[in-house]
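Overview (structure and organization)
The residues making up each chain are set out below.
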Amino acid sequence: MKAATVTTGPVTARDPFFDNAKYLAIVLVVCGHLIEDQRDHPLVHALYFYVYLFHMPLFIVLSGYLSRKFTFSAGKARRLISTLAVPYLIFELAYSLPRLILYGKFELTLLDPYYLTWFLLSLFLWRLSTPVWQQLRWPLAVAVALSLLTGLDKLPGELAMNRTFALLPFYVLGLMLRPEHFQWLRRPYMRLAGALTLGLGLATALLVHASVPTEWIRWRLPNSAIGVDDLTGTLIRLGLLLAGAVLVAAFLAVTPARHTWFSGLGTATMYAYLLHGFVVKVAERLELGLPLSILLGVATATLLCTPPVRRLFHWAVEPRMSWAFTSLRRPA
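Throughout what follows, the structure given in this document is the object of discussion. (Residues numbered from 1 in each chain as written. Predicted model: local features only at pLDDT ≥ 70, side-chain atom pairs only at ≥ 80, totals over all residues. Heavy atoms only, no water.)

**As for the overall build of the chain**
Check the secondary structure of the chain and you find 15 helices and zero strands. The C-alpha radius of gyration of the chain comes to 21 Å, within 12% of the 20 Å expected for a compact globule of 332 residues. Looking at the 332 residues of the chain, the share that counts as buried comes to 45%. Restricting to contacts in the chain with at least 6 residues of sequence separation, those with at least 24 account for 79%. In the structure as shown, the chain presents an accessible area of about 17500 Å², 67% of it carried by carbon and sulfur atoms. Computed over 30 positive and 17 negative side-chain charges, the inter-centroid distance for the chain is 15 Å. (Helix = DSSP H or I, 4+ residues; strand = E, 2+ residues; numbered from the N terminus. Rg over C-alpha atoms; globule rule 2.2 N^0.38 Å. Buried < 20%, exposed > 50% of the residue type's maximum accessible area, 1.4 Å probe, protein only. Contact = heavy atoms within 4.5 Å. Areas by Shrake-Rupley, 256 points an atom, 1.4 Å probe, with all protein chains shown as cover. Lys, Arg positive; Asp, Glu negative; His and termini not counted. Charge placed at Lys NZ, Arg CZ, Asp CG, Glu CD.)

And the structure:
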């Protein structure tokens, strides 16, 4: 007699397209940080300006898309705490220690993120807001309006509020995307259009980078602090949002959809993001030059996504926190 087969539902294979995109995005992030101190050279400044137009928007769009099913269920809430809140506290402390060693200063302000930890705090807040955006009739329009309003006044540094609101449209855009949108980007003619768009974007950056203050692409300051009136600043911000969205789409269009040698590395990009800052701080003192900085960026991003690094730093990036939780308490 044949044994009965028990099925537990369909098993969906992991799509390598998103892992490829995340790996390539983290390479851009690491390289961008490594060349930041060399911006006095025109070519480096142009590359820095170009990369910063879309490298974090790309990460944020992907984060939004992969957060579409977030709810306030017990499992999702626990993961939110263990993968964002706790690593934020760990790395906020870790990045404060070098300042103590090098400069004799120790400042730990948990609500005012230091260096690259702002992304963890912003993503925590964006993900918490997911159910709200999923119920609004015009979520992207509301998010863009909030982003533009951010430039009208200086927001407090706590909770990375300027960046959290300014970059919010990219997260909401990710929430609104569906699998068919990415399928459309994978078409051959879209790949060609994406490559041409990225090339045009780079050419434009080479032409205009010297006349655009760097703070525009950092999303940290209000219009008045960058030296423009609110009307001009709002138009510039809207243009940057559109440019970022177009370049993100172009980048995704040329991203390989098949399984590649780096697809597995794309599952661990948070390790590279949180750890590469220590490499950057050391490299800043070595004056490597552009070619070596880019090679170091690719090598660093790749190495920090590998299984040995994941095993070594799992306690900090993805800590096991089951001991801290109990079953969901419900009112009687």
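Text resumes after the structure shown.
**Quick word on the environment of V282**
With respect to the secondary-structure elements, V282 resides in helix α13 (residues 269-283). Put simply, V282 and V51 are 231 residues apart on the chain and 22 Å apart in space, counted from C-alpha to C-alpha.

**Here we look at unusual backbone geometry**
Positioned with a positive phi, W219 is a non-glycine residue whose angle comes to about 60°. By secondary structure assignment, the location of W219 is in the loop between α10 (188-208) and α11 (223-226). If you check the backbone angles, E287 has positive phi at about 50° while not being a glycine. Along the polypeptide, E287 turns up in the loop between α13 and α14 (290-303).

**Digging into the packing of helix α6 (residues 139-150) against helix α12 (residues 230-254)**
It is the contact of α6 with α12, at a shortest axis distance of 9 Å, that shows an interaxial angle of 135°. As the angle between them shows, α6 and α12 are arranged oblique. As α6 packs across α12, the resulting crossing turns out to be right-handed. Between α6, through V144, S147 and L148, and α12, the contact on the second element is made entirely by T234, R237, L238 and L241. (Axes fitted to C-alpha atoms, helices over the stretch in contact; angles between N-to-C directions. Parallel < 35°, antiparallel > 145°, perpendicular 65-115°, else oblique. Left-handed = near helix turned anticlockwise from the far one by under 90°.)

**Some remarks on helix α1 (residues 16-34)**
With 19 residues, α1 should cover 27 Å at 1.5 Å per step; its first-to-last C-alpha distance of 27 Å lies within 8% of that length. Its side-chain oxygen placed 3.0 Å from the backbone nitrogen of F17, D15 serves as the N-cap of α1. (Expected span 1.5 Å × (residues − 1). Polar contact = N/O pair within 3.5 Å; in protein donor to acceptor, adjacent residues only side chain to side chain.)

**Points about the nonpolar core**
A general feature of soluble globular proteins is that nonpolar side chains tend to end up buried together. Judged by nonpolar contacts, the single largest core of 87 residues is most densely connected at I26, F54, W118, F119, W126, L252 and Y273. Ranked by the residues each element gives to this core, the list is headed by helix α2 (residues 42-65), at 15 residues. Residue contacts for F119: discarding those within four places in its chain leaves M56, I60, S63, W126, M270 and Y273. (Core = buried A, V, L, I, M, F, W, Y, C linked by side-chain atoms within 4.5 Å.)

**What about the side chain of R186?**
Looking at where R186 falls in the secondary structure, it is placed in the loop between α9 (179-185) and α10. Apart from residues lying up to four places away in sequence, R186 is in contact with D15, F17, R191 and A257.

**Details of the packing of aromatic side chains**
Across all of its chains, the model carries 19 aromatic pairs by this definition. Ring plane angle 20° and centroid distance 4.8 Å describe the contact between Y23 and F262, whose orientation is recorded as stacked. Here Y23, found in helix α1, pairs with F262, found in the loop between α12 and α13; they are 239 residues apart in sequence, far enough to count as distant. The same class applies to Y23 and to F262, which are both buried. Ring pairing ties together the aromatic residues F91, Y95, Y114, Y115 and F278, which thus form one cluster. Over the ring of F17 we find R186; its NZ or CZ atom is 4.4 Å from the centre of that ring. (Phe/Tyr/Trp six-rings, centres within 6.5 Å; stacked < 30°, edge-to-face > 60°. Lys NZ or Arg CZ within 6 Å of the ring centre and 35° of its normal.)

**So, the packing of α13 against helix α15 (residues 307-317)**
α15 packs onto α13 with a crossing angle of 75° between their chain directions and a minimal axis gap of 11 Å. The angle between the axes of α13 and α15 places the two elements in the roughly perpendicular class. Of the residues in α15, those in contact with M270, Y271, L274 and L275 of α13 are V309, R310, F313, H314 and V317. Grouping the constituent residues of the contact of α13 with α15 by class yields seven nonpolar, one polar and one charged. (Nonpolar A, V, L, I, M, F, W, Y, C, P; charged D, E, K, R; others polar.)

**So, the environment of L155**
Mapping L155 onto the fold places it in the loop between α6 and α7 (161-166). On the basis of relative accessibility, which here comes to 22%, the residue L155 falls in the partly exposed class. Distance in space between the C-alpha atoms of L155 and L288 is 36 Å, their sequence separation being 133 residues. Non-local contacts of L155, meaning those with residues more than four positions away in its chain, are made with T150, M161, N162 and F165.

**Concerning the environment of W219**
W219 sits in the buried class, given a relative accessible area of 7%. Each C-alpha atom of the pair W219 and L288 lies 28 Å from the other, and the pair is 69 residues apart in sequence.

**Remarks on α10**
Under the 1.5 Å per step criterion, the end-to-end length of α10 is 30 Å for 21 residues, consistent within 8% with the ideal 30 Å. When we look at burial in α10, the residues that qualify are M190, G194, L198, G201 and A205. With its buried residues spanning 85° around the axis, α10 presents them on a single face. Facing away from the buried side of α10, by more than 90 degrees, are the exposed residues P188, L192, L196, L200 and L207. On the buried face of α10, the contacting elements are α2, α9 and α12. (Arc of directions from axis to C-beta.)

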